[in-house]
Amino acid sequence: MVQTAQSVVFEGVAKRFGAVTAVERVDLDVKPGQFVTLLGPSGCGKSTTLNMIAGLEWPTEGRILIGGRDVTHLPPSERDIAMVFQSYALYPHLSVFENIAFPLRARRRRTAEPELRERVRQAASALGLTPLLDRLPREISGGQRQRVALGRAMVRIPTVYLLDEPLSNLDQQLRVQMRSELKDIHQRLGATMIYVTHDQGEAMTLSDTIVVMSGGRVEQLGSPRDLYDRPANVFVARFLGEPGMNLFEGKVSGGVLRGDGVAMPTVLGEGRAAIAGVRPEDLIAADPARAPIKGVIRTVEFLGSRTLLRVDVGGAVIAAFVPLGVPFAAREAIGLAPSAADKVRWFAADTGMAL
Ligand code: ATP
């Protein structure tokens, strides 16, 4: 199926609903064929952003360009986009074939039957649905149904795919499987895909670029690796990772950041209020007498390949992964240290921005 992937550009796009600012002056530059994820907690403005690309909402300010064409005020039907929603509602009385073919029959300019058959055949083949074309939705699995919804988007040969939490109705195992399938489909189609989720794991595995949003603003935009290793601020540091980055707040005195249960060597200037960030996998157990982080183990969680400790440090609970086989127990005192000095990220205490 020939796709002409298109770029999507936001120029200072804002959306207000009365007094509510859903999206604040966002600039975006999605290249043709990219997989871009809008990631953030509930209410951060990601669906509104997607809906503006679809044409379901119009911006209050700014311009949206698809493939270089200003579509800011065009209706959805004139944008060559296809949208897949969380609730993909297939028609229960129609076969898989007819469900996929539906957009081609329903459109004002109907597609001729031979071409329609060819497009459904190609979409079904790309999605591994060929043997299921005669079945009804209730006769296939949840993951297969999700693929039918994707097929329904594909037959329109859109220039941009918009996906709004399309996997969130699936159980955990299926979600992980569909995630890999979606990545594979994206690579084979070479299509531009813009994906909305609040699940950071999904965003990390699928995306070329992640746009982290909160409160209608873009907090940071970059590759999953960049965002994970070099978060621009404490919001991104905490939001990415399972669990997120541990943050230790304190004040610098004598070359050491001192806080409750924390004494971390630093090059920051005397008297500075700062936050040290260390990922759970970058902490190692150390002699409690001399460790830069001292705490008491709250819980010990066996995860199969490693153990997750929740540790109370000065009243805040932090997380640390430790190897299996080392005996730790709840209520024990423990010392922790960063595995290397460059594993510590530094943030300003007042703004939360990376230093
Ligand atoms: P979720 O993950 O819960 O869907 P989201 O990140 O997609 O959240 P949006 O749906 O884009 O968030 O909403 C952003 C903000 O705009 C929220 O504060 C929401 O209440 C508000 N909002 C969205 N649509 C409208 C509307 N039609 N009228 C008024 N406020 C709205």
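To be clear, the structure that these remarks concern was listed above.
Everything quoted here is computed from the prediction, not taken from an experiment.

S.K.: Tell me what's going on with the overall build of the protein, and back it up with residues and numbers.
M.R.: Within the protein one finds eight helices and 20 strands. The principal-axis extent of the C-alpha atoms belonging to the protein is close to 80 × 45 × 30 Å. The buried share of the protein, reckoned over its 355 residues, is 49%. Long-range pairs, those at least 24 residues apart, make up 63% of the contacts in the protein between residues at least 6 apart in sequence. Carbon and sulfur atoms make up 51% of the accessible area of the protein, which totals about 16,400 Å². Side chains of the protein give 42 positive and 38 negative charges; the mean places of these two sets differ by 3 Å.

S.K.: Please give an account of the nonpolar core that cites residues and values.
M.R.: Ile100, Val120 and Tyr161 are the most contacted members of the largest nonpolar core, which has 37 residues in total. For this core, the secondary structure elements donating two or more residues are strand S6 (81-84), helix H2 (96-106), helix H3 (113-126), helix H4 (142-154), strand S7 (160-164), helix H5 (172-189) and strand S8 (192-197). The residues touching Ile100, leaving out its near neighbours within four places in the chain, are Val120, Ala123, Leu129, Leu133, Val148, Gly151, Arg152 and Val155.

S.K.: Account for the site of the ligand, naming residues and giving values.
M.R.: Around the ligand lies a shell formed by Phe17, Ala22, Pro41, Ser42, Gly43, Cys44, Gly45, Lys46, Ser47 and Thr48. Gly43 places a polar main-chain atom, nitrogen or oxygen, 2.8 Å from an oxygen atom of the ligand. Taking Lys46, its side chain carries an N or O atom lying 2.6 Å from an oxygen atom of the ligand. Counting residues per element, the shell around the ligand draws most heavily on helix H1 (residues 46-54), at three residues. Broken down by class, the residue content of the shell around the ligand amounts to four nonpolar, five polar and one charged.

The rules we used
- Residues numbered from 1 in each chain as written.
- Predicted model: local features only at pLDDT ≥ 70, side-chain atom pairs only at ≥ 80, totals over all residues.
- Heavy atoms only, no water.
- Helix = DSSP H or I, 4+ residues; strand = E, 2+ residues; numbered from the N terminus.
- Buried < 20%, exposed > 50% of the residue type's maximum accessible area, 1.4 Å probe, protein only.
- Contact = heavy atoms within 4.5 Å.
- Areas by Shrake-Rupley, 256 points an atom, 1.4 Å probe, with all protein chains shown as cover.
- Lys, Arg positive; Asp, Glu negative; His and termini not counted.
- Charge placed at Lys NZ, Arg CZ, Asp CG, Glu CD.
- Core = buried A, V, L, I, M, F, W, Y, C linked by side-chain atoms within 4.5 Å.
- Near = heavy atom within 4 Å.
- Polar contact = N/O pair within 3.5 Å; in protein donor to acceptor, adjacent residues only side chain to side chain.
- Nonpolar A, V, L, I, M, F, W, Y, C, P; charged D, E, K, R; others polar.

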